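Chain by chain, the residues run as shown.
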Amino acid sequence: MTTAQPTIAVPDSDALHRRGLMFILSSPSGAGKTTVSRMLLERDARLRMSVSVTTRPPRPGEIDGRDYIFTSQPGFDHMVEEGEFLEWAQVFDNSYGTPKAEVKAGLKDGKDYLFDIDWQGTQQLYQKMQADVVRVFLLPPSIDELRRRLTSRGTDSAEVIAARMERAKAEISHWDGYDYVIVNDDIDVCFAKVTQILAAERMRRARQTGLIPFVRELTAPDA
Ligand SMILES: Nc1nc2c(ncn2[C@@H]2O[C@H](COP(=O)(O)OP(=O)(O)O)[C@@H](O)[C@H]2O)c(=O)[nH]1
Ligand SMILES: Nc1ncnc2c1ncn2[C@@H]1O[C@H](COP(=O)(O)OP(=O)(O)O)[C@@H](O)[C@H]1O
């Protein structure tokens, strides 16, 4: 004869409530963060892109609202005045900012957000929302390979590429402000590492807000 057992929900990745996380990917321009971001978004339905606002003109193939929200400098300044950004920064000659509203609400609902932002934005988000932030920095395998990637992308003029190369070493100098640093040599290896980091970070105890009632149930006197 079997005795009736109290039912306890089996904890899989989504069975228990979890607070969402802010997954930040930074790198010097051309090291591969857009490529890795696209791969993540294609393969991971639980991850959403935090689409930034920028005054930079769209590149060929970029879509307003998907890659960036493109705006004028007065439009951007107005958003700053209205407090609509979680963080914003001047990068190269343009302004870039992370809209606040969706991310703040989504994190509570367990939604995860991907941020392709620079070290200045990373520092600001970390200061404001340290417990939610995971910081990943991609390095190129060499400076020559970085130049080759920027050139082969075919989206920027020689002048813009030269300006980005000039800034690359300054950007790389911020590598130690990140939790994880990956050399993006082989894209599949790099992507696998990023995926592993995301999986582990999702399982952190502090994010699994549903654990407290679950453990209470497991350890109840009549369980
Ligand atoms: N702080 C901050 N940086 C951003 C934001 N959006 C993009 N960036 C950064 O701005 C820099 C330039 O981006 P972009 O013009 O798309 O060129 P890319 O680096 O070649 O992809 C990159 O380092 C991005 O990570 C944002 O909302 N905030
Ligand atoms: N691991 C890699 N090996 C070879 N080429 C790469 C790799 N990662 C990215 N690329 C290429 O390098 C160029 C720059 O990558 P991108 O993702 O646009 O960089 P970022 O967003 O950091 O500026 C693109 O043409 C991309 O296809």
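Above this text is the structure in question.
Remember, it's a predicted structure, so these values are computed and weren't measured experimentally.

Caption draft 1: Structural context of the site of ligand 1. Near ligand 1 there are 20 residues, and of these Ser29, Arg56, Tyr68, Glu87 and Tyr96 occur at the shortest range. Residue arginine 59 places a side-chain N or O atom 2.9 Å away from an oxygen atom belonging to ligand 1. Between ligand 1 and isoleucine 117 there is a distance of 3.4 Å, counted from an oxygen atom to a backbone nitrogen or oxygen. In isolation ligand 1 offers 570 Å² of accessible surface; the protein chains occlude 99% of this area. Every element with two or more residues in the shell around ligand 1 is listed here: helix H1 (33–43), strand E5 (85–91) and strand E6 (94–99). Across the shell around ligand 1, the residue classes tally to 6 nonpolar, 6 polar and 8 charged.

Caption draft 2: Examining the side chain of arginine 56 more closely. Checked against the element boundaries, arginine 56 lands in the loop between strand E3 (53–54) and strand E4 (69–70). A residue is classified by how much of its surface remains accessible, and arginine 56, at 7% relative accessible area, is buried. A polar atom in the side chain of arginine 56 sits 2.9 Å from the side chain of glutamate 62. In contact with arginine 56, other than residues within four places in its own chain, are Glu62, Tyr68, Phe70, Asn94, Tyr96 and Arg164.

Caption draft 3: Structural view of the site of ligand 2. Around ligand 2, the surrounding shell holds 15 residues, and the nearest of these are Gly30, Thr34, Thr35, Arg153 and Asn184. Between ligand 2 and isoleucine 187 there is a distance of 3.4 Å, counted from a nitrogen atom to a backbone nitrogen or oxygen. For ligand 2, whose accessible area on its own is 560 Å², the fraction buried by protein is 80%. The residue makeup of the shell around ligand 2, split by class, is 3 nonpolar, 7 polar and 5 charged.

Caption draft 4: Seen up close, unusual backbone geometry. The phi torsion at phenylalanine 92 lies on the positive side, around 55 degrees, for a residue other than glycine. With respect to the secondary-structure elements, phenylalanine 92 resides in the loop between E5 and E6. A relative accessible area of 22% means that phenylalanine 92 is categorised as partly exposed.

Caption draft 5: Quick peek at the pattern of salt bridges. Considering all chains together, one arrives at 16 salt bridges under this definition. Note that aspartate 156 is salt-bridged to arginine 59, the shortest N-O span being 3.5 Å. One end of the pair, aspartate 156, is in the loop between helix H5 (143–153) and helix H6 (158–172); the other, arginine 59, is in the loop between E3 and E4, with 97 residues separating them in the sequence. You can call aspartate 156 buried: its relative accessible area is 17%. With a shortest N-O distance of 2.7 Å, arginine 149 and glutamate 145 are connected by a salt bridge. Residue arginine 149 and its partner glutamate 145 are located together in helix H5, separated by 4 residues, close to a single helical turn. Where salt bridges share partners, they join Arg18, Asp44, Asp112 and Arg202 into one cluster.

Caption draft 6: Main features of a positive patch on the surface. Taken together, Lys100, Lys104, Lys108 and Lys128 make up a surface patch of like positive charges. As for its position among the elements, lysine 100 is in the loop between E6 and helix H3 (101–108). Owing to a relative accessible area of 31%, lysine 100 belongs among the partly exposed residues under this scheme.

Caption draft 7: Expanded view of the nonpolar core. In this structure, Phe23, Val36, Leu40 and Val136 are the most contacted members of the largest nonpolar core, which totals 17 residues. Of all the secondary-structure elements, those providing two or more residues to this core are strand E1 (22–26), H1, strand E8 (133–139) and helix H7 (187–202). Contacts of phenylalanine 23, omitting those with residues within four sequence positions, involve Leu40, Tyr113, Leu114, Phe115, Val134, Val136, Val194, Ile197 and Leu198. Residues Met22, Leu107, Leu125 and Met129 belong to the second largest nonpolar core, which totals 11 residues.

Calculation criteria
Residues numbered from 1 in each chain as written. Chains lettered and ligands numbered in written order. Predicted model: local features only at pLDDT ≥ 70, side-chain atom pairs only at ≥ 80, totals over all residues. Heavy atoms only, no water. Near = heavy atom within 4 Å. Polar contact = N/O pair within 3.5 Å; in protein donor to acceptor, adjacent residues only side chain to side chain. Areas by Shrake-Rupley, 256 points an atom, 1.4 Å probe, with all protein chains shown as cover. Helix = DSSP H or I, 4+ residues; strand = E, 2+ residues; numbered from the N terminus. Nonpolar A, V, L, I, M, F, W, Y, C, P; charged D, E, K, R; others polar. Buried < 20%, exposed > 50% of the residue type's maximum accessible area, 1.4 Å probe, protein only. Contact = heavy atoms within 4.5 Å. Salt bridge = Lys/Arg side-chain N within 4 Å of Asp/Glu carboxyl O. Patch = residues over 30% accessible without salt bridge, like charges linked within 9 Å, V, L, I, M, F, W, Y side chains within 5 Å. Lys, Arg positive; Asp, Glu negative; His and termini not counted. Charge placed at Lys NZ, Arg CZ, Asp CG, Glu CD. Core = buried A, V, L, I, M, F, W, Y, C linked by side-chain atoms within 4.5 Å.

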